[in-house]
Amino acid sequence: MKIHLKSVLIIGAMAIILLSLLSFSTYSMILAGFSEIETKETLGNIALAQRIIGNDLSELETTASDWAWWDDTYSFMGTMSQSYIDSTLADASLQNIHVNVILFIDTNGSLWFGKAVNLTTGDGVELPPSIAENLSYFEPLTVFNGTARHSGVLIIGETPALFSSSPILTTDREGPSAGTLIMIRYFDEVAAARISSILNMSFEAVNYNSPSLSPDFAEAKASLSPSGTFVKIVSEDTISGFAELRDPYGDPAILFRMDMSRALSALKGAALFYFLLSTFGISIMAVLIALLLLRWAIILRISRLSSEVSQIASSKSFESRVAESGEDEIYALAHDINGMLLALQNSQITLKEYSEHLEDLVNEKTKQLKEAERLATIGETAAMVGHDLKSPLQAAVNTLYLAKETLGSMKLDEKDMLSMDEYCDRLSKYLSYMNRIVSDLQDFARPLKPEYAWVDLRRLLSDSLNTIQVPKGVGVSVDVAEGFPKVRADPLLMQRLSTNLANNAVQAMPDGGSLRISARLSGGSLTLKFSDTGVGISEENLGKLFVPLFTTKSKGSGLGLAICKRIAEAQGGTIAVESKVGAGTAFTVTIPQPP
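Residues numbered from 1 in each chain as written. Predicted model: local features only at pLDDT ≥ 70, side-chain atom pairs only at ≥ 80, totals over all residues. Heavy atoms only, no water.

J.: Residue-level account of the overall build of the protein chain, with values.
T.: The secondary structure content of the protein chain amounts to 15 helices and 17 strands. Taking all 595 residues of the protein chain together, 36% fall into the buried category. Carbon together with sulfur atoms contributes 58% to the accessible area of the protein chain, which is approximately 34,400 Å² in total. (Helix = DSSP H or I, 4+ residues; strand = E, 2+ residues; numbered from the N terminus. Buried < 20%, exposed > 50% of the residue type's maximum accessible area, 1.4 Å probe, protein only. Areas by Shrake-Rupley, 256 points an atom, 1.4 Å probe, with all protein chains shown as cover.)

J.: I'd love a proper account of the packing of helix α13 (residues 491-507) against helix α15 (residues 560-570), names of residues and values included.
T.: Taken N-terminus to C-terminus, the directions of α13 and α15 make an angle of 145°; their axes are 10 Å apart at the nearest point. As α13 runs across α15, the sense of the crossing is left-handed. Taking contact as the criterion, the partners of L493, R496, L497, N500, L501 and N504 in α13 are, on α15, G560, L561, I563, C564, I567 and A568. (Axes fitted to C-alpha atoms, helices over the stretch in contact; angles between N-to-C directions. Left-handed = near helix turned anticlockwise from the far one by under 90°. Contact = heavy atoms within 4.5 Å.)

J.: Kindly report on the layout of surface pockets, identifying the contributing residues and their values.
T.: Each pocket or cavity is described by its volume, and for the second largest pocket that value is around 340 Å³. Considering the residues around the second largest pocket, the lining is formed by 18 residues, among which H98, L119, R185, V190 and A191 are closest to the centre. Every element with two or more residues in the lining of the second largest pocket is listed here: α1 (3-68), β6 (180-186) and α6 (189-199). Considering every element that reaches the lining of the second largest pocket, the biggest residue donor is α6, with four residues. (1 Å grid on protein atoms, 1.4 Å probe; cavity = no way out; pocket = protein on both sides within 12 Å on 5 of 7 lines; lining within 4 Å. Points joined across faces, edges and corners; volume = space filled by probe spheres on them.)

J.: Which residues make up the sheet that holds strand β10 (residues 252-261), and what values go with them?
T.: Spatially, the four strands line up as an open sheet ordered β7-β10-β9-β8, and their pairing is antiparallel. Looking at which strands have only one partner, the edges of the open sheet turn out to be β7 (202-207) and β8 (229-233). Along the sheet, successive strands turn relative to each other by an average axial angle of 20°, direction set aside. Looking at chain direction, strand β9 (residues 238-246) and β10 are connected through nine bridges and run antiparallel. Along β10, the bridge assignment pairs L245 with I254. The strands touched by helix α7 (residues 215-223) are β7, β8, β9 and β10; relative to β8, the strand with the most contacts, the crossing angle is about 130°. (Pairing = 2+ DSSP bridges.)

J.: Any chance you could break down the pairing of strand β2 (residues 111-117) for me, citing the residues and the numbers?
T.: In terms of strand pairing, strand β1 (residues 101-105) meets β2 through five bridges, oriented antiparallel. Note on β2: the bridge partner recorded for F104 is F113. Counted between consecutive antiparallel strands, the loop separating β1 from β2 contains five residues, among which G109 sits at a positive phi close to 85°. Where β2 lies against strand β3 (residues 124-125), two bridges are found, and the strand directions are antiparallel. Considered in β3, the bridge of V117 is made with G124.

J.: For the packing of helix α12 (residues 457-466) against α13, give the residues involved together with the corresponding values.
T.: One way to put it is that α12 packs onto α13 with a least axis distance of 9 Å and a crossing angle of 50°. Classed by the angle they form, the pair α12 and α13 counts as oblique. Here α12 runs over α13; the crossing is right-handed. For the pair α12 and α13, contact is made by L460, L461, D463, S464 and L465 and by P491, M494, Q495, S498, T499 and A502, respectively. (Parallel < 35°, antiparallel > 145°, perpendicular 65-115°, else oblique.)

J.: Report on the side chain of S498, specifying residues and quantitative values.
T.: With respect to the secondary-structure elements, S498 resides in helix α13. Apart from the residues within four sequence positions on either side, S498 is in contact with L460, L461, S464, L528 and F530.

J.: Tell me about the sheet that holds β6, residues and numbers included.
T.: Here six strands make up an open sheet; going across it, the order is β3-β2-β1-β6-β5-β4 and the pairing antiparallel. Edge strands, defined here as strands with exactly one partner in the open sheet, are β3 and β4 (150-156).

J.: Give a description of a nonpolar patch on the surface that names residues and reports values.
T.: Residues I10, M14, I17, L18 and L21 make up a contiguous nonpolar surface patch of about 500 Å² in total accessible area. With respect to the element layout, I10 can be found in helix α1. Residue I10 is classed as exposed on the basis of its relative accessible area, which comes to 54%. (Patch = residues over 30% accessible without salt bridge, like charges linked within 9 Å, V, L, I, M, F, W, Y side chains within 5 Å. Salt bridge = Lys/Arg side-chain N within 4 Å of Asp/Glu carboxyl O.)

Coordinates in, geometry out; function isn't part of it.
Now the structure itself:
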């Protein structure tokens, strides 16, 4: 499948996915937005209804105060004047001020006088039994001090009501208080209809604690928020708001309901439709523009690059190059292709050179193989010679010792005795020299397996120097301070290495000189240096020093330095040499140390 078709499919699929996600999220946002607006509008209407009820309470409170702060009322509390009852407390008077019940409570908390009126018919009725039989319910509402007043909602029997209580004072608001005047206005269907007409929506109030609440009111009662409100979408056309009103004792008393039409619901579908339509159209245009830009900026350039690479591949002319343009990934790809072509061109040149010099390479490898075979043969020969000569040499040494003992017991003149001692000493030196050669052969033949220990380097160097013969005129100095830390190494191997290097240095100074041995710990390694002021080593021989059996000495075996190199490498270290003819030589051994 071509990139262009893949791009169309990928961009189309992404557009569909993004459009679907956008539509779903937008649909959810629109629904949530409209729901939030409707909820806020409903809560606003609930607050408006609460303000209307508050205004009614304020009006009732003003009316109750006007009646309570009146000389005639103050006098009535002492005389129970019939004329006051007939003129002031007539049924029509209570109907005019929209008061269903009026109560006069004396200073003892007893009912002085009470009256009830049916506001619809204007006729007087009996006081509700809940008032006559339970007057103590109103006791907290009585006021006798100053001009303090109470107002709010309460339940009369099963009927929600508004009330206001005020102390009975003179017209000048002077006391002492003669009792409390309480006015009650039922929150019945008439009051609900009045609020409904003001708000232009249905309004209904019920007793919060009624055992026979309708399912809607029961659900709202169980779902009220901490602020005492609840909003419910009833249908596509209606939304309801519920709120509670609390009595003076802090207990819920009235639960009212408002039903409103959902004017925004009709707009929601149209808004969503036009939004999705415009989004779909914009998405199609965006996809087409993206495809055109993709073709112009990427696909055509990739096609051109592919064509150039195909032409180079078919012609196999790796010196050709593809065009590089822009500063993007396609440019980087073209640049890398040109780099690859350059590498192929160089590889062709290299292969041509290798083919021309293949014979030289074969000869070099053959030489290396022969050298490896030579070293292997040396190793095998060294093992065999060392094994075969060790026992005879030891026997010769023992025989020489017995010969000296026998000569010592013989009676020879002094001159003959000195001659015989000289011969024996000379033979002993030759045997020691031969024994050292055999030891070198055995050391070179067998594998080295270091046995590590913590070594006192200063003492090890002192022991090594004691095993060699230092001629007069050669000064030896050991530059290792007192208290030098112990190092981790194989003590026997390190003593052999030190003895060989010190002995070589002494032999390189036949006319005298100085040998300096120094050591230091740095960078996690031990560096041991043997520097002499001897004859030095020529440049051509420096590269052969560590080759087995190579020696510049007349009596050398050619194995000492090779063994030193093996000892250093067996412990993970290295050995290096610096030399100048006539100035001296320095061997540097480096052995890694644990952290």
